[in-house]
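Fold and geometry: a report
The primary structure of each chain is shown beneath.
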Amino acid sequence: MSHLSGPIGELIRRLRMLFHRRQLDLDLEEEMRLHLELRRQQQIESGLLPLAARQAAHRRFGNVTRIKEKSMMSWGFEGLESFFQDAAYGARALLRSKGLTIVALLSLALGIGANTSIFSLLDAVMLRSLPVKDPAQLVLLGKGKASGKTDDFARTDLYSYPFYRQMQEKNQVFSDTAAFCSMTNAVHGFVEGRTDSEPMNVQLVSATYFTTLGVRAFKGRTLNDTDDNSEGDHPVAVISYAWWKRSLARDPNVLNRELKLGAMTYNIVGVAPPEFFGTKVGEAPTCGYRSP
Amino acid sequence: MAMSRDEIPPGTLYLLILKTLSVRGKLHGYEIAESIEQHSEDILQVEEGSLYPALQRMLIKGWVTAEWGVTAGNRRARYYTLTAGGKKQLHTEISQFERVMGAITRVIQAA
């Protein structure tokens, strides 16, 4: 017998016994026969005559047939069997009117699918926090999506890089600051060792991007201060986990490989953690790079 | 020889079987019946047949397991043993029984 406790174990035992019904019947009969026999013997030893002993045994036992029925009924075969019969009947009925069944199934599928997508979208956008350290403490200046020039005075939806550098120097309010390009660029990048280019979505970020967000590299390192402060040297990039998996098949030797984006060649210094996708839901840049 | 016996309250049969098995280990139906009757000094009348539906229900609930064995007299018999779930059930039933009996006693003893 299965030892699982609770209603699940019970259900499993009942279902299993469905297949051994006949055996159960025989087992019960044998059990009860033995009981009657032992009782009869005991009565004979107490001094009764064989016939009286047998009668006494039966009397003390009760109605064998009724008791066997009660024992079998406890297993609830009728209930289970009738359930399966009903299910089979329902299936046959559905198969008979195929058109109706197909329409019903399609409606259900559409309904369930639509609901699931809507929920997933809302979940990702509204319900879940950004997978960074302490998302509640993050503040975004600007909209993160405008593009263009910032000649206009007192523009608050977009800031220039020099403005960011000034703010970084004079910062007295924030614990960390970072900047990222308001658009991601869809470019074709060349990975060292491959001849074909691959489409990539890249985002220009300041070196403090990963540290401000509190994101640690999955492999290698994220960008750091030296990347920001040297002019002209070693442009570096951090690639996303998803892209590493997809395009590079999680190549363990990805670090220090070169990535050519446009005219510049970048050094891959790290891989971002799997759950990190940038700051905008749905954007998921394939790499964040820093060039002077 | 046997005086007229008292019927056992419904539901206590499980308690009696569980306790008997916990004390004596592995028994078949007849032995369980005998043990109950002996321990109760022949006062409790267990309609012997009613043991079997009870045992089946206990099998379903997973309180006991059963396996076929051989008696001393070389006959095939189904032996029952308590499971861990059965031990737990025993404790539950005993506490419940004591609670109920305690309450009834208090009512009876009240002036």
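It should be emphasised that the depicted structure is a prediction, and the values quoted were computed from it without experimental measurement.

Rules used throughout
- Residues numbered from 1 in each chain as written.
- Chains lettered and ligands numbered in written order.
- Predicted model: local features only at pLDDT ≥ 70, side-chain atom pairs only at ≥ 80, totals over all residues.
- Helix = DSSP H or I, 4+ residues; strand = E, 2+ residues; numbered from the N terminus.
- Buried ≥ 20, exposed ≤ 12 C-beta atoms within 10 Å, placed from the backbone.
- Pairing = 2+ DSSP bridges.
- Contact = placed C-beta atoms within 7 Å.
- Axes fitted to C-alpha atoms, helices over the stretch in contact; angles between N-to-C directions.
- Parallel < 35°, antiparallel > 145°, perpendicular 65-115°, else oblique.
- Left-handed = near helix turned anticlockwise from the far one by under 90°.
- Nonpolar A, V, L, I, M, F, W, Y, C, P; charged D, E, K, R; others polar.
- Expected span 1.5 Å × (residues − 1).

1. Digging into the overall build of chain A
- Across its full length, chain A carries 10 helices and seven strands.
- Within chain A, buried positions represent 19% of all 292 residues.

2. Some points on the sheet that holds strand β5 (residues 76–82) of chain B
All names here are of chain B.
- Spatial strand order, β2-β5-β4: three strands in an open sheet with antiparallel pairing. Because the sheet does not close on itself, it has two edges, and the strands there are β2 (27–28) and β4 (64–70).
- Bridge count for β4 against β5 is seven bridges, and the pairing is antiparallel. Directly across from Gly-69, in β5, lies its bridge partner Ala-77.
- Across the face of the sheet, helix α1 (residues 12–24) comes into contact with β2, β4 and β5 while running at roughly 95° to β5.

3. Some remarks on the packing of helix α2 (residues 21–45) of chain A against helix α4 (residues 64–74) of chain A
Residue and element names in this part refer to chain A.
- Closest axis-to-axis distance for the α2/α4 pair is 11 Å, and the angle between their directions is 135°. With respect to α4, the axis of α2 lies oblique. Crossing geometry of α2 relative to α4 is assigned as right-handed. Seen from α2, the contacting residues are Leu-24, Asp-25, Leu-28, Glu-29 and Met-32; seen from α4, they are Val-64, Lys-68, Ser-71 and Met-72.
- Within the contact of α2 with α4, the residues separate by chemical class into five nonpolar, one polar and three charged.

4. Regarding the interface of chain A and chain B
- The partner chain B presents 21 residues to the 26 residues of chain A that form the contact.
- Elements supplying a minimum of two residues to the side of chain A that touches chain B: α1 (6–19), α2, α3 (50–61) and α4 of chain A.
- Counting residues per element, the side of chain A that touches chain B draws most heavily on α2(A), at nine residues.
- Looking at the side of chain A that touches chain B, its residues break down into 10 nonpolar, seven polar and nine charged.

5. A short note on α2(A)
- Across its 25 residues, α2(A) extends 37 Å between first and last C-alpha, which sits within 8% of the 36 Å expected from 1.5 Å per residue.
- When α2(A) is considered as a whole, its buried residues turn out to be A:Leu28, A:Glu31, A:Met32, A:His35, A:Leu38, A:Arg39 and A:Arg40.
- Against the buried residues of α2(A) lie α3 and α4 of chain A together with α2 (29–39), α3 (51–61) and β5 of chain B.

6. What about the pairing of strand β5 (residues 258–261) of chain A?
Residues and elements named next belong to chain A.
- Here β5 shows a buried face lined by Leu-259 and Leu-261 and an unburied face lined by Glu-258 and Lys-260.
- Pairing of strand β1 (residues 185–191) with β5, which is carried by three bridges, proceeds in the antiparallel orientation. Within β5, the position partnered with Phe-190 by the bridge is Lys-260.
- As defined by bridge partners, β5 adjoins strand β6 (residues 264–271) across four bridges and the pair is classed as antiparallel. Residue pairing in the sheet places Lys-260 in a bridge with Thr-265 of β6.
- Hairpin remark: β5 followed by β6, antiparallel, with two residues in the connecting loop; positive phi at Gly-262, about 65°.

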